[in-house]
Amino acid sequence: MLDVPQRRALFASKVLGPVFKVFFDGLNDRLEAVRASRPDTIVLYQARAGVRLLELNQAYRQGVGTLPPLPEAIVYISRLSAIKGCLYEKPGLAAQMLVSEYAHLTIGDLLIGLGLDASDTRYDNIRNSIVQYDSFMELYMDREKGRELRELFCAQSGYFREYLQSLVGENGKVVLVDSGWYGSTQQLLMEQFPELEWEGLYYGKWRYRRQRPNHFDSMRGLCVDDDQHGVRSLRQLTLVYYHLIEGILEPDIPSVTGYRLDQNEVVVPVFDASYQPSSGVDDGMYEGVLRHLKEKQPARQVGLASRLSKSLCFWKLAVYILLPSRDDVDAMTFPPRSSDMGKSGSASVIYPPATHPAMSAMQRINASLWKPGQISLEFPRILSLPLQLAFCIKRFVGA
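To start, this report covers the structure provided alongside it.

Basis of the calculations
Residues numbered from 1 in each chain as written. Predicted model: local features only at pLDDT ≥ 70, side-chain atom pairs only at ≥ 80, totals over all residues. Heavy atoms only, no water. Helix = DSSP H or I, 4+ residues; strand = E, 2+ residues; numbered from the N terminus. Rg over C-alpha atoms; globule rule 2.2 N^0.38 Å. Buried < 20%, exposed > 50% of the residue type's maximum accessible area, 1.4 Å probe, protein only. Contact = heavy atoms within 4.5 Å. Areas by Shrake-Rupley, 256 points an atom, 1.4 Å probe, with all protein chains shown as cover. Salt bridge = Lys/Arg side-chain N within 4 Å of Asp/Glu carboxyl O. Disulfide = S-S within 2.5 Å. Phe/Tyr/Trp six-rings, centres within 6.5 Å; stacked < 30°, edge-to-face > 60°. Lys NZ or Arg CZ within 6 Å of the ring centre and 35° of its normal. Pairing = 2+ DSSP bridges. Right-handed = clockwise from strand over helix to strand, strands pointing away. Core = buried A, V, L, I, M, F, W, Y, C linked by side-chain atoms within 4.5 Å. Axes fitted to C-alpha atoms, helices over the stretch in contact; angles between N-to-C directions.

## Brief notes about the overall build of the chain
What the chain contains, in helices and strands, is 17 helices and 9 strands. In terms of overall size, the chain behaves like a compact globule, its C-alpha atoms giving a radius of gyration of 22 Å where 399 residues would be expected to give roughly 21 Å. When its C-alpha atoms are laid out on the principal axes, the chain stretches across 65 × 60 × 40 Å. Put simply, the chain has 399 residues, and 49% of those count as buried. Considering only contacts within the chain whose residues lie at least 6 apart along the sequence, 69% involve residues at least 24 apart. As presented, the chain carries roughly 18900 Å² of accessible surface, and 54% of it is formed by carbon and sulfur atoms.

Right under this line is the structure:
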């Protein structure tokens, strides 16, 4: 009988390893094509996930025996740091993103998230007001109350531009690599730096907001792509538990909150000072994927054999995500997901009944970030399996 760490490593190697092989096959094929047409390109891996994606890609290349087709580096960036860096010059889109992230919260919460002193008496009349676009812009443009905000965004704008320039250099095209989904950071960068050509290569490209913005034309989802695979495809259904991919790719390091000058007058990223490293986090799943990619890979399949092999990878992943047993849940869960954009709090992937007895079974299922997994914890297999199937049908029909 395997223990949980052993099951995690086995799941990672046998199920997730082949899925990430599909991702890195597609990533490196595309980078080769970009090199042929635009040799003045740099590849930037977006931290935090980019730290692990670069390491995994290096392992993949070791396994297949290839070299990087283009220069590459890690760009330490987050949506929060990108918004701070873009809002001063072009406040429209950046302000909309900032406000949407703080919807239903207060101006005081937003100021704290931006690193400002919300207790300042200048904010007494607005501190408890709910964040809305008009109220935020009124605050931002106010001569006295908005002064610190404008100074913050002005400084971040200059630092951000200098930091990005230090990475891009004389290149005219930038390829971003990340886990993906909506591409909000790429959208900001494309608006802020239109002199550069941008392309995003992601694990997934997902219209989870039911919108297809213009920057989607410059994005590719190499494993899941709403434009290519369709919103009712099996691959898209695996996004029922997209936190699985994020959990694997998220190292235990703080996120970036902005930029500053160091003692040598060089712009460097500023990391979240309130970040607390997770204690006892098991990285067996990531290590299992890494080991799989490092193994010497057989010759790549082509044509029908290749398509069938890729389909099998996602079928196996879908079965584990959509119809998990209790043992599968133990092997596939992650610690609570922390809030981003400077907000406090976290959301649990799974709510074990033993540790959340005050909640009913339906409350735990509704709150869970992986509902088929939560269902397996609430009911015996004879009941959980048909409920999971019903959930899948509802998602497929209603996608």
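## A word on the pattern of salt bridges
Tallied over the entire structure, the rule returns 21 salt bridges. One salt bridge connects Glu-197 with Arg-38, and the closest N-O pair in it is separated by 2.4 Å. Of this pair, Glu-197 sits in strand β4 (residues 197–205) while Arg-38 sits in the loop between α1 (4–37) and β1 (41–47); the two residues are 159 residues apart in sequence, bridging distant segments of the chain. By relative accessible area, Glu-197 is classed as partly exposed at 34%. Taking the relative accessible area as the measure of exposure, Arg-38 reaches 23% and is therefore partly exposed. Measuring nitrogen to oxygen at the nearest pair gives 2.6 Å for the salt bridge that ties Arg-127 to Asp-124. On the basis of relative accessibility, which here comes to 21%, the residue Arg-127 falls in the partly exposed class. A relative accessible area of 40% means that Asp-124 is categorised as partly exposed. The network of salt bridges with common partners includes Arg-30, Arg-38, Asp-40, Lys-173, Glu-197, Glu-199 and Arg-220.

## Points about the state of the cysteines
Going through the model one piece at a time under the given rule, you end up with 0 disulfides. Its sulfur unpaired, Cys-154 is 14 Å from the next cysteine sulfur, which belongs to Cys-86. Cys-154 gets classed as partly exposed once you look at its relative accessible area, which sits at 36%. Free cysteine Cys-392: the closest other cysteine sulfur is in Cys-313, separated by 19 Å.

## Some details on the packing of aromatic side chains
Overall, the coordinates contain 19 aromatic pairs when judged by the stated rule. Each ring, one from Phe-23 and one from Tyr-203, has its centre 6.4 Å from the other, and the planes form 35°; the classification is tilted. With Phe-23 in helix α1 and Tyr-203 in strand β4, this residue pair connects regions lying 180 residues apart in the sequence. Ring centres of Trp-181 and Trp-206 lie 6.1 Å apart, and the angle between their planes is 85°; this geometry places the pair in the edge-to-face category. Placement of the pair is Trp-181 in strand β3 (residues 173–181) and Trp-206 in the loop between β4 and β5 (219–225), with a sequence separation of 25 residues. Owing to a relative accessible area of 5%, Trp-181 belongs among the buried residues under this scheme. Note on Trp-206: relative accessible area 11%, which makes it buried. Grouped by ring-pair contacts, the aromatic residues Phe-20, Phe-23, Phe-24, Tyr-60, Trp-181, Tyr-203, Trp-206 and Tyr-242 constitute a single cluster. Seen from the ring of Tyr-286, Arg-52 lies directly overhead, with NZ or CZ sitting 4.0 Å from the centre.

## Section: the pairing of β1
Burial analysis of β1 places 7 of its 7 residues in the buried class, which makes it a mostly covered element. Burial along β1 is two-sided: Thr-41, Val-43, Tyr-45 and Ala-47 and Ile-42, Leu-44 and Gln-46, pointing in opposite directions, are all buried. In terms of strand pairing, β1 meets β3 through 5 bridges, oriented parallel. Opposite Ile-42, over in β3, you have Val-174 as the bridge partner. In terms of strand pairing, β1 meets strand β2 (residues 72–76) through 5 bridges, oriented parallel. By the bridge assignment, Leu-44 is partnered in β2 with Ala-73. A crossover links β1 with its parallel partner β2, the connecting element being helix α2 (residues 49–64), and its sense is right-handed.

## Section: the nonpolar core
Judged by nonpolar contacts, the single largest core of 58 residues is most densely connected at Tyr-203, Leu-244 and Leu-317. Per-element tally for this core: the top contributor is α1, with 12 residues. Once you skip the residues sitting within four places of it in the chain, Leu-244 turns out to touch Phe-11, Leu-16, Met-285, Leu-317, Ile-321, Met-332 and Phe-334.

## Comments concerning the sheet that holds β5
With respect to topology, 5 strands assemble into an open sheet ordered β2-β1-β3-β4-β5, the strand pairing being parallel. Here the strands that pair on one side only, and so sit at the sheet edges, are β2 and β5. Adjacent strand axes in the sheet meet at a mean angle of 25°, parallel and antiparallel pairs treated alike. Those strands touched by helix α7 (residues 147–168) are β1, β2, β3 and β4, and its axis lies near 170° from that of β2.

## Focus on unusual backbone geometry
Arg-48 follows Ala-47 through a cis peptide bond whose omega is 25°. On the secondary structure map, Arg-48 appears in the loop between β1 and α2. Even without a glycine there, the phi angle at His-104 is positive, about 75°. By the secondary structure assignment, His-104 is in the loop between α4 (91–101) and α5 (107–113). For Glu-265, which is not glycine, the phi torsion reads 60° and is therefore positive.

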